[in-house]
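# Coordinate inspection notes
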Number of protein chains: 2
Amino acid sequence: MSAIDKVLDSNQRYADGFNQGGLPGNPTRLRLAVVTCMDSRLHLSKLLGLELGDAHIIRNAGGIVTEDVLRSLVVSCQIAGTQEVMIINHTECAMLTFKDEELAAKLRRETGEAPVTPTRFYAFTDLEENVRQQMRELRSHPWIPESILVRGFIYNVDTGRLLEVSA
Amino acid sequence: MSAIDKVLDSNQRYADGFNQGGLPGNPTRLRLAVVTCMDSRLHLSKLLGLELGDAHIIRNAGGIVTEDVLRSLVVSCQIAGTQEVMIINHTECAMLTFKDEELAAKLRRETGEAPVTPTRFYAFTDLEENVRQQMRELRSHPWIPESILVRGFIYNVDTGRLLEVSA
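Residues numbered from 1 in each chain as written. Chains lettered and ligands numbered in written order. Predicted model: local features only at pLDDT ≥ 70, side-chain atom pairs only at ≥ 80, totals over all residues. Heavy atoms only, no water.

Right, let's get into the interface of chain B and chain A. The interface of chain B with chain A comprises 89 residues on the first partner and 89 residues on the second. Buried area between chain B and chain A, both sides added, is near 7500 Å², and the carbon and sulfur share of it is 62%. The largest per-residue losses of area from chain B upon contact with chain A belong to Met38(B), Arg71(B) and Trp143(B), which jointly make up 11% of the total buried on that side. Applying the counting criterion to the chain B and chain A interface returns four salt bridges. Between Asp5(A) and Arg151(B) there is a salt bridge; the shortest N-O distance is 3.1 Å. The tally of links between chain B and chain A comes to 45 residue pairs in polar contact (both at pLDDT 80 or more). Of all the secondary-structure elements, those providing two or more residues to the side of chain B that touches chain A are α1 (3-16), α2 (44-48), β2 (55-60), α3 (67-78), β3 (84-90), α4 (100-111) and β4 (149-155) of chain B. Looking at side-chain class alone, the side of chain B that touches chain A contains 44 nonpolar, 26 polar and 19 charged residues. (Contact = heavy atoms within 4.5 Å. Buried area = accessible area lost by both parts, 1.4 Å probe. Salt bridge = Lys/Arg side-chain N within 4 Å of Asp/Glu carboxyl O. Polar contact = N/O pair within 3.5 Å; in protein donor to acceptor, adjacent residues only side chain to side chain. Helix = DSSP H or I, 4+ residues; strand = E, 2+ residues; numbered from the N terminus. Nonpolar A, V, L, I, M, F, W, Y, C, P; charged D, E, K, R; others polar.)

Let's shift gears to the nonpolar core. Among the nonpolar cores identified, the biggest contains 70 residues, and Leu73(A), Phe121(A), Leu138(A), Leu73(B), Phe121(B) and Leu138(B) are the most heavily contacted of them. If sequence neighbours within four positions are ignored, Leu138(B) has contacts with Val65(B), Leu70(B), Leu73(B), Val85(B), Ile87(B), Ile144(B) and Val150(B). (Core = buried A, V, L, I, M, F, W, Y, C linked by side-chain atoms within 4.5 Å. Buried < 20%, exposed > 50% of the residue type's maximum accessible area, 1.4 Å probe, protein only.)

Looking now at the state of the cysteines. Every disulfide links exactly two cysteines, by a covalent bond between their sulfur atoms. Residues and elements named next belong to chain A. Tallied over the entire structure, the rule returns zero disulfides over all chains. With no disulfide partner, Cys37 has as its closest neighbouring cysteine sulfur the one in Cys93, 4.1 Å distant. The class for Cys37 is buried, based on a relative accessible area of 4%. (Disulfide = S-S within 2.5 Å.)

For the rest of this paragraph, the subject is α4(B). Between the first and last C-alpha of α4(B) there are 16 Å, a value that for twelve residues agrees with the 16 Å anticipated at 1.5 Å per step. Of the positions making up α4(B), those classed as buried are Asp100(B), Leu103(B), Ala104(B) and Leu107(B). Down the axis, α4(B) shows its buried residues gathered within 95° of arc, on one side only. Along α4(B), the residues that are exposed and aim more than 90 degrees away from the buried face are Glu101(B), Glu102(B) and Arg109(B). The elements touched by buried residues of α4(B) are α3 (67-78) of chain A. The first or second residue beyond α4(B) is Gly112(B), which carries a positive phi of 105°. (Expected span 1.5 Å × (residues − 1). Arc of directions from axis to C-beta.)

Function cannot be inferred from these measures alone, as they are strictly geometric.
Here it is in structure tokens:
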């Protein structure tokens, strides 16, 4: 049985008991967006106490404020009324375990030398500084209103606790 | 009290009861990655029955396979051993409610005409076709191994149910 078939079984049970239809699309209660890593140890709704309808959740490898994250945050702030953004990186991130050039070289060896995007993977070495860098990227974008509150955090995957990073 | 302070309170309680440290970073049980929308009505772990450590979760505005999502999936498949990818779009997506050109024109009026990235927001009009397009983007990328299983779905925010989209 494939993993997807397993989670589809779980979804059948979820839908059978589902009684939260009719919610608005915008996260109106908290007006919050969270940018974080795709890592499987981050159970966002539990670790932040989020209910259905509370927050936009944006996740990629590393919790990096890439152009695509800026796209999503512009939509969140400009279309959906978001007023606060949390950036959460975490301990033991896979992006601390390799170097961009090594992964790109391996992929080029295996698949040929033709130019391929992405050209960067955003692996990093300093977790705190990486969070600060993402805050700067977000703060400096002309389409993110200055009124948006931006705060950065490190999530400890062994303790479940968030630690704030000063800007 | 800001929304972020509220969720930090919730995190204190979560961390006080946390007993799931020491998990490996790679989603070893299911070897699954999920690409979906940032929408606040998608409670991924519940609607898919995911436990801590089960799956990489990648989310952006729309659940679009952008260059950044390809970056994340390359890391997931090449570094972390992922073997299956689900793409999930959903009913009532905010990306069905505006046009790229209208949002870009509004932002340029408000912030000036200097060129700004992102240049596209990926708003769309046909939900099923949008899911198919994302499957094609993923399937055609040279750095995603052909052995990776890719399936696409629409999540109904009013019923809690996933519906598969044929490729």
